[in-house]
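Secondary and tertiary structure notes
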Amino acid sequence: MPEIKKVKKVLRVGQEESSGLLSFVERPVPTASEVTNFERVIGRELREQEIDSNLDEIYSDRKGGRVDVKKMKVKKRPIFLVRFFRILLAITLLSLTAYFAYFYLFSNSNDISSMDFSISSPDNIIAGQEFSYQVSYHNPTKYPFSKLHLELQYPENFIFVSASRPPLSGNASWDLADLAAGENVTLTVTGQLIAPPDSANVIFGHLSYLPSSFTSQFKKDASFSTIISSLGFNVNLDSSGTAFLNSNNDLTLIFSEVKNNYLGDFNITFSLPEHASAAVVSKDVGGNSTSSAILTATSKPASTSSPNLVIAPDGGTSWRVSGLYPPIGRQEIPLTYKVTQESDKAMITVRLEKRFDNGQPHIFWEKTIQPQLVKSNLNLTLLLNNSKNDGAVIFGQPLNYSLTYANQDSNTYKDVVIMAALSGDFLDWNSLQAGNNGQTQNRTIVWTKNEVPGLAAIKSGDSGVLNFSLNLLPFTADDLGKKMSIVSYGQYSMDSQPISGESNKSNTITSQINSDLSLNEQIRYFDSNNIPVGSGPLPPTVGQTTSFRVHWTIKNSLHELTDTRVVLNLPAYITLSNNTVGVGSLSYNNSNNQVVWEVGRLPVSVSQVEASFNISLTPTEENRNKILVLSPGSTVTAMDTVTMAEISQTTPAKTTKLEDDDIAGLSNSGIVK
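Residues numbered from 1 in each chain as written. Predicted model: local features only at pLDDT ≥ 70, side-chain atom pairs only at ≥ 80, totals over all residues. Heavy atoms only, no water.

1. Quick word on the overall build of the protein
Rule in force here: Under the DSSP-based scheme used, a helix requires at least four consecutive residues in state H or I and a strand at least two consecutive residues in state E, with every element numbered from the N terminus. The cut-offs for exposure are 20% and 50% of the maximum accessible area for each residue type, with area from a 1.4 Å probe on protein chains only; residues under the lower value are buried, those over the upper are exposed, and the others partly exposed. For this analysis, residues touch if any pair of their heavy atoms sits within 4.5 Å.
Scanning the protein from N- to C-terminus turns up four helices and 45 strands. When each of the 673 residues of the protein is scored for burial, the buried share is 40%. Relative to all contacts within the protein whose residues are 6 or more apart in sequence, the contacts with residues 24 or more apart total 73%.

2. Here we look at the pairing of strand β37 (residues 561-569)
Filter applied, for reference: Strand pairing requires that DSSP identify at least two bridges connecting the strands.
In this sheet, strand β40 (residues 594-602) lies alongside β37 in antiparallel orientation, the contact comprising seven bridges. In the sheet register, leucine 568 faces β40, and the bridge partner there is valine 595.

3. Things to note about the side chain of serine 634
Applied cut-off: N or O atoms within 3.5 Å of each other form a polar contact, as long as, within protein, one can give a hydrogen and the other can take it, and as long as residues adjacent in sequence are counted only when both atoms are side-chain atoms.
Turning to its location among the elements, serine 634 is positioned in the loop between β42 (629-631) and β43 (635-640). On the basis of relative accessibility, which here comes to 0%, the residue serine 634 falls in the buried class. Among the polar contacts listed, one links the side chain of serine 634 to the side chain of glutamate 521, at a separation of 2.4 Å. For serine 634, the residues in contact, after removing those within four places along its chain, are Leu519, Glu521, Trp552, Val566, Val567, Leu568, Gln649, Thr650 and Thr651.

4. Here we look at the packing of aromatic side chains
Here a ring pair, both rings aromatic, is described through the centre-centre distance and the interplanar angle of the planes. Filter applied, for reference: For Phe, Tyr and Trp, rings pair up if their centres lie within 6.5 Å, where Trp contributes its six-membered ring, and each pair is then called stacked (planes under 30 degrees apart), edge-to-face (over 60) or tilted (otherwise).
Taken as a whole and judged by the stated rule, the model has 20 aromatic pairs. Note on phenylalanine 395 and phenylalanine 426: the rings are 5.0 Å apart at their centroids and 75° apart in plane angle, and the pair reads as edge-to-face. Residue phenylalanine 395 is located in the loop between β24 (391-393) and β25 (398-407), and its partner phenylalanine 426 is located in the loop between β27 (417-423) and β28 (427-434); the two are separated by 31 residues in the primary sequence. Per residue, the accessibility class of phenylalanine 395 equals that of phenylalanine 426, and both read buried. Every member of this aromatic cluster is reached through a ring pair, and the members are Phe131, Tyr133, Tyr154, Phe158 and Phe160.

5. Side note on the sheet that holds strand β41 (residues 608-617)
Let me state the cut-off plainly: The axes used here are C-alpha line fits, helices contributing only the stretch in contact, and every angle between their N-to-C directions lies in the interval 0 to 180 degrees.
Judged by pairing direction, the sheet is antiparallel, and its four strands sit side by side in the order β35-β36-β41-β38 without closing on themselves. In the strand order of this sheet, the two ends are held by β35 (518-524) and β38 (574-581), each with one partner. Neighbour-to-neighbour, the strand axes of this sheet turn through a mean angle of 20°, independent of strand direction. Relative to β41, β38 is paired through six bridges, and the arrangement is antiparallel.

6. Focus on the environment of leucine 466
Looking at where leucine 466 falls in the secondary structure, it is placed in strand β32 (residues 463-472). Separated by 28 residues in the primary sequence, leucine 466 and glycine 438 place their C-alpha atoms 8.7 Å from one another. Ignoring anything within four residues of it in the chain, the contact list for leucine 466 reads Tyr401, Ser402, Leu403, Tyr405, Ile418, Asn436, Trp447 and Val452.

7. So, the environment of leucine 168
Tracing the backbone through its elements, the reader meets leucine 168 in the loop between β5 (158-163) and β6 (173-176). You can call leucine 168 partly exposed: its relative accessible area is 37%. Counting along the chain gives 17 residues from leucine 168 to glutamate 151, while the straight-line C-alpha distance between them is 9.9 Å. Contacts of leucine 168, omitting those with residues within four sequence positions, involve His149, Ser173, Trp174 and Asp175.

8. Focus on the nonpolar core
Note the following rule: As used in this record, nonpolar core signifies buried Ala, Val, Leu, Ile, Met, Phe, Trp, Tyr and Cys residues forming a set joined through side-chain atoms within 4.5 Å.
Counting residues in each nonpolar core, the largest one holds 68 residues, and the members touching the most others are Phe233, Leu253 and Phe255. Setting aside its immediate chain neighbours within four residues, phenylalanine 233 contacts Phe255, Ser256, Glu257, Val258, Asn260, Asn261, Leu263, Phe266, Leu324 and Phe364. Counting 35 residues, the second-largest nonpolar core is a separate cluster that includes Tyr405, Ala420, Val452 and Ile486.

9. Looking at the pairing of β25
Across the two faces of β25 the burial differs, with Leu399, Tyr401, Leu403, Tyr405 and Asn407 buried and Pro398, Asn400, Ser402, Thr404 and Ala406 not buried at all. When strand β23 (residues 378-384) meets β25, the two strands line up antiparallel, connected through seven bridges. Looking across to β25, one finds that threonine 381 is bridged to threonine 404. In this sheet, β32 lies alongside β25 in antiparallel orientation, the contact comprising nine bridges. From the neighbouring strand, asparagine 400 faces β32, where its bridge partner is serine 469.

10. Structural notes on the confidence of the model for the protein
Put simply, the test is: Residue-level confidence of the predictor, termed pLDDT, takes values from 0 up to 100.
Looking at the protein as a whole, the pLDDT averages 82, with 82% of positions reaching at least 70. Note that pLDDT drops below 50 for residues 283-306; the model gives that stretch 52 contacts with residues more than four away or on any other chain.

11. Details of the pattern of salt bridges
Once their charged atoms are close, side chains differing in charge can pair, the charge on each being opposite to the other. Filter applied, for reference: Whenever Lys or Arg places a side-chain nitrogen within 4 Å of a carboxyl oxygen from Asp or Glu, that contact is recorded as a salt bridge.
Throughout the structure, instances matching the rule amount to 13 salt bridges. Residues glutamate 332 and arginine 330 are paired through a salt bridge, measuring 3.4 Å at the closest nitrogen-oxygen approach. Residue class for arginine 330 comes out partly exposed when judged on its relative accessible area of 23%. Close ionic contact of glutamate 353 with arginine 355 constitutes a salt bridge, the shortest N to O distance being 2.8 Å. Connected through salt bridges with shared partners, the residues Asp314, Arg320, Glu353 and Arg355 form a single ionic network.

12. Considerations on unusual backbone geometry
In this structure, the amide linkage connecting leucine 538 to the following residue, proline 539, adopts the cis form with an omega of 0°. The topology assignment puts proline 539 in the loop between β35 and β36 (546-555). Within the chain, lysine 147 stands out as a residue other than glycine whose phi angle is a positive 50°. As for its placement among the helices and strands, lysine 147 is situated in strand β4 (residues 145-153). Relative accessible area serves as the criterion here: at 58%, lysine 147 is assigned to the exposed category. Its identity is not glycine, yet asparagine 171 carries a phi of approximately 60°, on the positive side. Inspection of the secondary structure assignment puts asparagine 171 in the loop between β5 and β6. By relative accessible area, asparagine 171 is classed as partly exposed at 32%.

13. Observations concerning the sheet that holds β43
Spatially, the five strands line up as an open sheet ordered β39-β40-β37-β43-β44, and their pairing is antiparallel. In the strand order of this sheet, the two ends are held by β39 (585-589) and β44 (646-650), each with one partner. Neighbour-to-neighbour, the strand axes of this sheet turn through a mean angle of 15°, independent of strand direction.

Below is the structure:
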């Protein structure tokens, strides 16, 4: 670029001839046009100077020198970066456009697939208890829905009772009214579930609908699971692991802890192998009756006024049971079955089921046994505590056995040797009392003709019984890990031969040992630290009130327990004041003067729980010079979840002598003054 030269311009206004005053006075005054021209020239000059200054800045380098524009190097911007940023900008714009379009079209008020559909009910119910499913559907959009159709798939054991809207045929489908924008509707279906405890019963729902201005239907699915928590009562079946061919074999169906029965009447049924029969019997017919007459179950009622169950034949191998309602106590229904042909898999199933008018059975409890079949014409039958079935036994308690023999053959059995075999870690062999002079050999008891002369020759039709007993050892902390069961059976041989084989055995009894539940009751005036926890005169005095502290301690360490409770029936002259409970709840009934401690579930992890309360005594004149009973004994009961047996223990009676209080005993005779 050529160098720019500045040109100095001279403005000439006129020729001066003289510089004197006269010359100045005589100088002519400029005209208006001349002034305008002058200002224009001045303005142009200023602009040119400003342009020159700006050009200097533009064409100057960092050091202030002039830049030769002929030699300037202009760097080109990379093409791929330009394209990249253009593409990125386009993608960003498209994404924003798509997002705002989606938000507009598919927001909660515009998304036609956002129908809310759900099913709910109680999480846990008792078998047979009436409950309701709540089927809810909600339209959160701004469009109305039409042609709504609901289909429900009930659990297998659901019994339909009613619905808040009449269903179509089958009680499981509905054509529903149109659903306006924002509308929320609930349909209620009421019924019962009759199924085994702990079973999960799942309902499925399918809802279809047609949004406005659409020709295709939309669908929604929902489901819910309801658990059967219990039957409202406990059921157990006592049986033997051995069965004699062509003989009646006993079972015992046991009902206990009857709290609720929403099932009403129900049936006992059998599932039997070929060449087998079964019946419900009563004790007074010797276990052989299959009569169609109404039978009364053998029971252990909770009180003398408690009724018994009634069992009536209902066709085939089915019997109707009625009357299982509180306050009925423990009920034992004797059953019998007979197998007439040998089989490797003699499966005997006892079921409880509810039948309706349509004849469809709903099974809510069942138990299957597979006994070992024994064929013998010299039948040996072992009984433990008057039962030949498996059952539960208690630490420290006696085991009373009876081993009976009967020759059902036409032949005579000579020189018979009968043995009773018992195995278990808690058998106290030192306490053995063997009737008929039985001899102990390697933890077995043996009878020969030397001890029982009748064994020299057992003729056809002959029978006899051999009795013996021994105790179970008490449980200690060192016994953890030992086998908690007792196995017992009888066996025989003839002609004084060694005892062996299987066809000459009796039934086998497996006895599970109940948990080591124990209750300790103490009544004190002073606690273990010699601090008074009672008040009033000691010994008690007529007309004055004395209070005592009752302390209960429950211990348990082997099996989990349920329905644990302690009951104390106080004498009429004793009243309860205050109480302290660590677990459960303690209540007092004024009408019968009864104290009840409801503990409920007692897991193995909780080895000890305690409760205490104060009782008061105000002796009358008729109590003078007497030792009064403060507690006739408290009873603890619980259900063992392993043996499925009820455990019960009663403490000794306590009196005003305060048998548990050594400090009070120093000055207290217990005799009312």
